[in-house]
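Survey of secondary and tertiary structure
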2 protein chains.
Amino acid sequence: MGHYVYAYADAADVRRELLGGKGAGLAQMTALDIPVPAGFVVTTEACVEYMRTGGTLPDGVEEEIDEHMARLEAETGKRFGDPGDPLLVSVRSGAAVSMPGMMDTILNLGLNSETAAALGTATGNPRFAADAYRRLVQMYGEVVEGIDGQRFEQEIARLKGDRGVRNDVELDAGDLVELAGRFESIYVDATGRPFPQDPRDQLLRAIRAVFDSWDTPRAQVYRRANGIPDDLGTAANVVQMVFGNKGTTSGTGVAFTRDSSTGEPRLFGEFLVNAQGEDVVSGARTPQPIERMAELLPGAFAELVETLQRLERHFREMQDIEFTVEEGKLYLLQTRTGKRTARAALRIAVDMAGEGLISREEAVARIDPGQLDQLLHPMIDPGAKIEVIAEGLNASPGAATGLVVFDADTAEERGRAGEDVLLVRWETTPDDIHGLIWARGVLTAHGGMTSHAAVVARGMGKPAVTGCDALSLEPGQATIAGRVFREGDSLTIDGSTGRVIRGDVPLVPPEMDENFETVLAWADGLRHLRVRANADTPEDATKARELGAEGIGLCRTEHMFMAGERLPLVRQMIMAGSEDERRRALDRLLPFQQADFEGIFEAMAGLPVTIRLLDPPLHEFLPPLDEAETPEMAQRIRSLREANPMLGTRGCRLGLLYPEIYEMQVRAIVRAGLAVAARSGSAPLVEIMHPLVGFAEELRRLRELTLDTAAAELEQAGGELDYRVGTMIELPRACVRADEIAESADFLSFGTNDLTQTTLGFSRDDAEGKFLTRYLDDRVLDTNPFETLDTAGVGDLMRIGVERARATKPDVKLGICGEHGGDPRSVAFCHQLGLDYVSCSPYRIPLARLAAAQAALAERGVVAVAVGG
Amino acid sequence: MGHYVYAYADAADVRRELLGGKGAGLAQMTALDIPVPAGFVVTTEACVEYMRTGGTLPDGVEEEIDEHMARLEAETGKRFGDPGDPLLVSVRSGAAVSMPGMMDTILNLGLNSETAAALGTATGNPRFAADAYRRLVQMYGEVVEGIDGQRFEQEIARLKGDRGVRNDVELDAGDLVELAGRFESIYVDATGRPFPQDPRDQLLRAIRAVFDSWDTPRAQVYRRANGIPDDLGTAANVVQMVFGNKGTTSGTGVAFTRDSSTGEPRLFGEFLVNAQGEDVVSGARTPQPIERMAELLPGAFAELVETLQRLERHFREMQDIEFTVEEGKLYLLQTRTGKRTARAALRIAVDMAGEGLISREEAVARIDPGQLDQLLHPMIDPGAKIEVIAEGLNASPGAATGLVVFDADTAEERGRAGEDVLLVRWETTPDDIHGLIWARGVLTAHGGMTSHAAVVARGMGKPAVTGCDALSLEPGQATIAGRVFREGDSLTIDGSTGRVIRGDVPLVPPEMDENFETVLAWADGLRHLRVRANADTPEDATKARELGAEGIGLCRTEHMFMAGERLPLVRQMIMAGSEDERRRALDRLLPFQQADFEGIFEAMAGLPVTIRLLDPPLHEFLPPLDEAETPEMAQRIRSLREANPMLGTRGCRLGLLYPEIYEMQVRAIVRAGLAVAARSGSAPLVEIMHPLVGFAEELRRLRELTLDTAAAELEQAGGELDYRVGTMIELPRACVRADEIAESADFLSFGTNDLTQTTLGFSRDDAEGKFLTRYLDDRVLDTNPFETLDTAGVGDLMRIGVERARATKPDVKLGICGEHGGDPRSVAFCHQLGLDYVSCSPYRIPLARLAAAQAALAERGVVAVAVGG
């Protein structure tokens, strides 16, 4: 046995990474004595070598292939290229990870004009033989030589015209011989060479074509979208042909062991009598439900049912198989883990655990956390016909359909009147909040993933598409990619993908069924990480708690500052000419803040609530310069303007420059805590968090300010309140000096949004839709570091931060509250780092709970079975 | 002997840190048998404890003081508080580091109304005794109780009025007894308590006052300005009083062992007959040159001369001493290292090395690198009377005086006509370059340390003050802090301090004398770090080479893009609608770049030249939106606008998005290299540097682009050129992933300006003059991290970067090219890190050479003697 090629019969114990999914499945089935055609696999390692050398098969591979062909000939009793009754094979790609977009299959290799005629004689079916040969020329021409498939299809149409028939099946053997000849001419015309008549030549070139297909743009795009490494390579399977198109005792089909849509435990699939696999896939003929096979091919059906049960028991996972029946005899051509909807995935996992097929741990490990979004937000009906007219950033997940409105007042007015409206704006500002509340979703031309519209919509769990370049607005109308929309016209957005869709579209409502609750309850029993919510309002907090939040990890106070009635007070505070005047404005703001905090504390009774003090630069609360209400305001706007506001006067710098602001916030927190304690009998667990600390001295001073202010309030009220003081770690300096910073902190929370911006030098607003998009398209980067934590860079700084913080304060509580807290891979990394909790937006909580459990399971070696190819 | 108090006689071997400078000097002199008054010192440790506990002297200190007072009484044969002939003492502060701004001295402690009278009898000089007492009440009142000194001075004036006399000396003993009484009343009035009559009480409260004075605002400001830690504390010296005001055989004075202004080796100082030290310092009487003492007090003078020689030999350093002669007997009251000008410092170091007093290493170690600026730029004449009318940022060092002009054209016109002009603008843009060239200096209302004006001026070695808030401009005139200036009015700026000064002011020209060259030559022989220049033009390169640069560490290509005739081409390139159009514009730019590079290569023949490819965001090359030349340009300006340009599409991101730009630059570099090689016979040592790399993949691709482009050029030209490819390390991610990045790099250069911005999350433009200034004022930070490297944060990331880069590529060349490369403390840190070179602006090169030598010496234990207090 060689190094690069394995017969299925010998390969049951060979690593899946080498065989690819398809090859591994065939090897497993061979070992289980399930009827599969004989064959062998050229490994992914050969493909990797082939790519590395720029297209040279490794030494010895051709010889190994020859040896395995000889063995196949011996097993089947047929000879490859035999002009009497030739051995025919298919070549199929099969990577270790399922990957559409690559070349799939070439059937009937081994035929040439001579053996095709012999096959006709040998099978007594010259039409079948001629059809097989013309299919080979077509597939080979398209796949290996890249000839446009239309040329072949047109030729079929022309021949049918010549013959005066309408369907392919009406063409007889002679017609198909004629057709094969015309296909050979197309081949010569396109390539300048005759169709290769040497079967060995066909085979080797087909294998190369499989390897080449690993690097097609389609395949690359798919890999990037799914986070699959580029250097895995694909295997090439060489399998004896079996034919489902040998008459009415033959057929072909696909089947799932369970319903891939609902998860119901029943056989599910389709089949066609007298057909080859491509006929099922191409949609040229309409297949029948698999149940009909019981009547038409009862013996094969019974064997299929029994085989599928064995496969599912063997793989302990729902299987998706392809099969062919050749003259009554069943062959399985492929088995792999079946894809399924989120709903089905949950049901199958719960059912299989109930059946004792898998453990609860495995059930939890098998759910793709990313899929849960399907269950939490309305989605576009997968069956709906839609017309995508533009794309923007997928700023907040879920789909929304509604009547277009262009201003917040109209949104509120029509929304109150019971209409579904979509707010369409250049961008939104704090002044638009009431419009966002009443709209089903929001679409903006400007703004990135952290724009006002995006942040507010995510907080509300409302769909949003932002940064839609194709959108422009004139008074009373919007133009999207050339189409004009007036107020009241229908439009749909899909905030999960960024798509903008013409008209209204049927949506599938969110559904969190019993299986969802069951799996998450199991997950909760397995995870070590706590899961908290980023929530700024009592409504968000309530929703988060419903979804399983164990506290609030980030309550931003600036959104409270922006709400309608407070904004004028905030502006007074900013415009104040003296500290005294500023304090007076702050005193008037205090009751509002206190009321906000009371609502949140009540919603989270008994759980910790981390409140971040004011973070954004003050100019964010002022209108644009050209809307300044007074010359003084214009002057103040100009003086607050910053070249790089992200790195400017914000975060704890505000607290040190204007201590009275943080003092007011601390007072409001303490008063709210006391009020809630008095009403409910139990005090909230309050954590006061200072943002953007880079130097231990900053936190030392702010901790003192916090303790002093709280002590004064408590003394005045004669009450007691247990609270903690901590900081965000969102600057590289804070990571390397976490040892010193921890000295003044009860807890540290990694703010990975800002930490990513500073560590990478990427302004999120400037990167997304611009150079970052190009980086992802050009594969400079594999993943968007604002979605999935850059573990090698940002993550390494976090690791340093964790080590150093625990070095001076072993029991300091550590968490993360960037948006990465809701990304499964990032959650897994946080588990590995040994953080205490992750915090994410409310609608990501179930996902984080599941991902946290999976991370804990992965540590114990329990991982999801990779989905086969 | 106790823990907190040491007699001078026992303290010769006690650490200077404990005794303070003054105490250590007295202890040393005691050991050398030089005549000093007896006394003891309460250590800095007692002060630190005192501050830590909020004002409590450590246990046992009072008892120790009592013991030492008893010993002093035994030695002097007098008793503290003796109503017959009392022992009197002074209390003087003395930190380990010389520190003006703290309380200095209280004399005559031990007197009260009773002992004053007794002293008059005992000395036979009642006037002297009464005067001593009134001085005590005044000094004690001012220093310990904080009474306004004016109240005492007014009372003296009133008494002189009452007596009808003009000078203090005309007041007789009775008058002074009367005066002491009035002073006691002032004391009661101000404090509500009588003046303490108990000498022990006086003494203890005076010691506490010395300790308290460590934390006065003045002292804090001084420490911040000079980088002195806050937790050192001061010692308190208790010394027997000696009196220089006991008649014509008494006197007092100060002396230097060498001329502190020129360094000339001669006795230098002043003295007064029949006076106490404060009379010299206060300027109430005009002292005489020290030489006159030879005639007036020949014995004491001879002893003084001999003593000073011994002291200089003992301390091996120029000494600054205070002395008193009491009735013919010389006492030294203090000795410390003498302060001196830069010119004097160099001469003294060279002379002492010549005299064999110190080694050349020590000579090098003793020069303060920061002082060298005095010799490299014109300075305001230290003797000139100036009126500072405003302050801005000290953006580029040196002083300039000239006629105000408001636009670049006028600056050029009048400059060409031979006038000295100062360009005064809101801010400067690339369009103003010709004005900057012809102006003596530039003053702007806007812009920070990295504004256009600041960067260009530093490059040119021209003084600049930027961000001067007090400046506003109207057509044809400027208003600075309320004063109006019209074109042609005189104005002076001091770019070393940020001061703006009314009118013209005499300047001292730069002078680099023989001693300067000598010390730097010695330094060159001692340092390990190479020193390179940041230089963008042949002129800068030539200047840098004159000042000792060993190559260019950073040649920025964007300033070439901004020069007059190129800017239109650059704008064409940016406005290009297609890659082709862009390439055509770039082709036209190429010859300009090539010519620039040729000039620089020639100026640096034989030395390495590191060229950084284009770094700034493209919008920097376009005019402001309201000056857009076409609607298309306005559109492009809008589309290139960024929320945080510092973190946007710049650096190598440009090279990856528009490879044709970097290709053009590489071609221009290669062609210039070949051209210079052909002309001069030797090829330049070219290093091509890619900016803002964060991911290894970025550099891998850009290295490939560089090698491919250069290879194509070289093949076409049939030439050969040795060049290196490297990157800047200016993002935190680049530090932690330096291992991967080094794989594609021949050299790495830390860009500490940007690395500081990203590590700290400080936008330099937004921090300086705003929150950073407040942070420094409020002592959240001790030093400006843009001037002196934040070694604990940024430096720690650099250390990680160095370790990791060398882990994968031990021989990778490492340097620094941020402005920290010209800061002495930062240079020392770079030496400790083991970098290969530092690079700084041309006028900082001598400083860096010296600092690098000192860092190497420090490693061998050779450090400058701390300047005593």
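Below is a summary of the structure that appears in this document. (Residues numbered from 1 in each chain as written. Chains lettered and ligands numbered in written order. Predicted model: local features only at pLDDT ≥ 70, side-chain atom pairs only at ≥ 80, totals over all residues. Heavy atoms only, no water.)

**What to know about the overall build of chain A**
When you go through chain A residue by residue, the secondary structure sums to 34 helices and 33 strands. Principal axes of the C-alpha set define a box for chain A whose edges measure 105 × 60 × 50 Å. A burial count over chain A gives 60% of its 869 residues as buried. Of all intrachain contacts in chain A linking residues separated by at least 6 positions in sequence, the fraction that spans at least 24 positions is 68%. (Helix = DSSP H or I, 4+ residues; strand = E, 2+ residues; numbered from the N terminus. Buried < 20%, exposed > 50% of the residue type's maximum accessible area, 1.4 Å probe, protein only. Contact = heavy atoms within 4.5 Å.)

**As for the sheet that holds strand S29 (residues 685-690) of chain B**
Note: strands within a sheet are paired through backbone hydrogen bonds, in either parallel or antiparallel orientation. Residues and elements named next belong to chain B. The eight strands lie next to each other as S26-S27-S28-S29-S30-S31-S32-S33, forming a closed barrel whose pairing is parallel. The mean inter-strand angle of the sheet, taken between neighbouring strand axes irrespective of direction, is 25°. Each of strand S27 (552-556), strand S28 (608-612) and S29 is contacted by helix H23 (residues 579-603), which is oriented at about 150° to S28, the strand it contacts most. (Pairing = 2+ DSSP bridges. Axes fitted to C-alpha atoms, helices over the stretch in contact; angles between N-to-C directions.)

**Topic: the environment of Leu 297 of chain B**
All names here are of chain B. You can see Leu 297 is positioned in the loop between helix H11 (293-296) and helix H12 (298-315). With a relative accessible area of 8%, Leu 297 lands in the buried category. Put simply, Leu 297 and Thr 249 are 48 residues apart on the chain and 7.0 Å apart in space, counted from C-alpha to C-alpha. In contact with Leu 297, other than residues within four places in its own chain, are Thr 248, Thr 249, Ser 250, Phe 271 and Val 325.

**Some thoughts on the interface of chain A and chain B**
By convention, interface size is frequently given as the accessible area that disappears when the constituent parts associate. On the side of chain B, 48 residues touch chain A, which itself brings 48 residues to the contact. For the pair chain A and chain B, the summed buried area comes to about 4,100 Å², and 55% of that belongs to carbon and sulfur atoms. Viewed at the interface, chain B and chain A are joined by four salt bridges. Among the salt bridges present, the one from Asp 796 of chain A reaches Arg 804 of chain B, with a minimum N-O distance of 2.5 Å. For the interface between chain A and chain B, the tally reads 35 residue pairs in polar contact (both at pLDDT 80 or more). Mapped by element, the contributors of at least two residues to the side of chain A that touches chain B are helix H25 (652-657), helix H27 (696-717), helix H28 (732-736), helix H30 (752-760), helix H31 (764-777) and helix H32 (791-808) of chain A. (Buried area = accessible area lost by both parts, 1.4 Å probe. Salt bridge = Lys/Arg side-chain N within 4 Å of Asp/Glu carboxyl O. Polar contact = N/O pair within 3.5 Å; in protein donor to acceptor, adjacent residues only side chain to side chain.)

**Points about the nonpolar core**
Counting 282 residues, the largest nonpolar core has Phe 762, Met 798 and Leu 835 of chain A together with Phe 762, Met 798 and Leu 835 of chain B as the members making the most contacts within it. Once residues within four sequence positions are removed from consideration, Leu 835 of chain B is found in contact with Leu 529, Phe 750, Met 798, Val 802, Leu 814, Gly 815, Ile 816 and Cys 830 of chain B. Judged by nonpolar contacts, the second largest core, of 62 residues, contains Val 137, Ile 156, Leu 204 and Ala 236 of chain A. (Core = buried A, V, L, I, M, F, W, Y, C linked by side-chain atoms within 4.5 Å.)

**Side note on the relation of the copies chain A and chain B**
The operation relating chain A to chain B is a screw motion whose rotation component is 179°, with 0.1 Å of axial translation and a residual RMSD of 0.3 Å. Such a turn and shift between the copies fits a two-fold axis. Looking at chain A, 100% of its interface residues are interface residues in chain B too, so the copies touch through the same face. (Least-squares fit on C-alpha atoms with pLDDT ≥ 70 in both.)

**Digging into the pairing of strand S33 (residues 837-840) of chain A**
Residue and element names in this part refer to chain A. Residues Tyr 837 and Ser 839 line one face of S33 and the alternating positions Val 838 and Cys 840 line the opposite face, and both faces are buried. Relative to S33, strand S26 (residues 530-534) runs parallel, the two being bridged by four bridges. Its bridge partner lying in S33, Arg 530 is registered against Tyr 837. Pairing analysis gives two bridges linking strand S32 (residues 813-816) to S33, with the strands arranged parallel. Residue pairing across strands places Ile 816 opposite Val 838, the latter belonging to S33. Regarding the hand of the β-α-β motif, the stretch spanning S32, helix H33 (residues 824-833) and S33 is right-handed. (Right-handed = clockwise from strand over helix to strand, strands pointing away.)

**Details of unusual backbone geometry**
Despite not being glycine, Leu 692 of chain A shows a phi value in the positive range, around 60°. Mapped onto the secondary structure, Leu 692 of chain A falls in the loop between strand S29 (685-690) and H27.

**Quick notes on the sheet that holds strand S7 (residues 234-240) of chain B**
All names here are of chain B. The strand order across the open sheet formed by five strands is S1-S2-S7-S5-S6, and the pairing between neighbours is antiparallel. Of all strands in the sheet, those bounded by a partner on one side alone are strand S1 (5-7) and strand S6 (105-109). Neighbour-to-neighbour, the strand axes of this sheet turn through a mean angle of 20°, independent of strand direction. Relative to S7, strand S2 (residues 39-42) runs antiparallel, the two sharing four bridges. The residue bridging Val 42 from the neighbouring strand is Ala 236, located in S7. Against the sheet, helix H1 (residues 16-31) contacts S1, S2, strand S5 (89-95) and S7, and its axis sits at roughly 125° relative to S5.

**Considering the pairing of strand S32 (residues 813-816) of chain B**
The pairing of strand S31 (residues 747-750) of chain B with S32 of chain B spans four bridges and is classified as parallel. Its bridge partner lying in S32 of chain B, Phe 750 of chain B is registered against Ile 816 of chain B.

**Remarks on the environment of Glu 49 of chain A**
All names here are of chain A. When you line up the elements, Glu 49 lands in helix H2 (residues 44-52). On the basis of relative accessibility, which here comes to 23%, the residue Glu 49 falls in the partly exposed class. Non-local contacts of Glu 49, meaning those with residues more than four positions away in its chain, are made with Tyr 4, Thr 56 and Pro 58. Polar side-chain contacts of Glu 49 include one of 3.0 Å to the side chain of Arg 52.

**Observations regarding the packing of helix H26 (residues 659-680) of chain A against H27 of chain A**
To describe two helices that pack against each other, one gives the angle between their axes and the distance between the axes. Residues and elements named next belong to chain A. Running from N to C, H26 and H27 point in directions that differ by 45°, and their axes come no closer than 9 Å. Put simply, H26 runs oblique to H27. Between H26 and H27 lies a crossing whose hand is right-handed. Residues Pro 659, Tyr 662, Glu 663, Val 666, Arg 667, Val 670, Arg 671 and Leu 674 of H26 form the contact with H27, whose own contacting residues are Leu 702, Leu 705, Thr 706, Thr 709, Ala 710, Glu 713, Leu 714 and Ala 717. (Parallel < 35°, antiparallel > 145°, perpendicular 65-115°, else oblique. Left-handed = near helix turned anticlockwise from the far one by under 90°.)

**Notes on the side chain of Asp 754 of chain A**
Residues and elements named next belong to chain A. Looking at where Asp 754 falls in the secondary structure, it is placed in helix H30. Among the residues examined, Asp 754 registers a relative accessible area of 11% and is labelled buried. Within the local environment of Asp 754, its side chain forms a polar contact with the side chain of Arg 650, the two groups lying 2.7 Å apart. Setting aside its immediate chain neighbours within four residues, Asp 754 contacts Met 646, Arg 650, Leu 692 and Glu 730.

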